[in-house]
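# Chains, contacts and geometry: an overview
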Amino acid sequence: KARPTMLAEVKKPANVWQQIGFPEPSANAQQVMHQSDNFGYKSRPTMLAQVKNAPVNVWNQLGFPEPSANAQQVMHQNDNFGYKARPTMLAQQKAAPANVWKQIGFPEPSSSA
């Protein structure tokens, strides 16, 4: 006759994860959920002054100088032209423009006629 077994003596069924040698996925899931608590609506409020990460500069990542410096230089050079140019008196202007015929190396047609 078989001996009666108490419920406390009944062996628990073997865990499949233990049989194949892997940790139980619920432990990993709990860890992921705990890590996710740092983001989204559950995350702790952060004041803007506490944010320390400066925005990433794409130009520095690519190894090029920032174009704003070159743009400032071009705008400064352009200040000498157009409506921002310094006023010039007519008497201060250079001599009359060079004659086209002299520039191309031919005598002026009015002098030969």
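See above for the structure.
Residues numbered from 1 in each chain as written. Predicted model: local features only at pLDDT ≥ 70, side-chain atom pairs only at ≥ 80, totals over all residues. Heavy atoms only, no water.

### Remarks on the overall build of the protein
For the protein, the helix and strand inventory stands at 6 helices and 0 strands. The order of α-helices and β-strands along the protein, N terminus first, is α-α-α-α-α-α. About 11,800 Å² of surface is accessible on the protein, with carbon and sulfur atoms providing 61% of the total. (Helix = DSSP H or I, 4+ residues; strand = E, 2+ residues; numbered from the N terminus. Areas by Shrake-Rupley, 256 points an atom, 1.4 Å probe, with all protein chains shown as cover.)

### With respect to the environment of Asp 79
Take Asp 79: it is sitting in the loop between helix H4 (67–78) and helix H5 (100–104). Since its relative accessible area comes to 30%, Asp 79 is described here as partly exposed. Those residues in contact with Asp 79 that sit more than four places away from it in its chain are Lys 84 and Ala 85. (Buried < 20%, exposed > 50% of the residue type's maximum accessible area, 1.4 Å probe, protein only. Contact = heavy atoms within 4.5 Å.)

### Regarding a nonpolar patch on the surface
Judged by side-chain polarity, Val 16, Trp 17, Ile 20 and Phe 22 come together as a nonpolar surface patch covering roughly 420 Å² of accessible area. Within the element layout of this structure, Trp 17 appears in helix H1 (residues 16–20). (Patch = residues over 30% accessible without salt bridge, like charges linked within 9 Å, V, L, I, M, F, W, Y side chains within 5 Å. Salt bridge = Lys/Arg side-chain N within 4 Å of Asp/Glu carboxyl O.)

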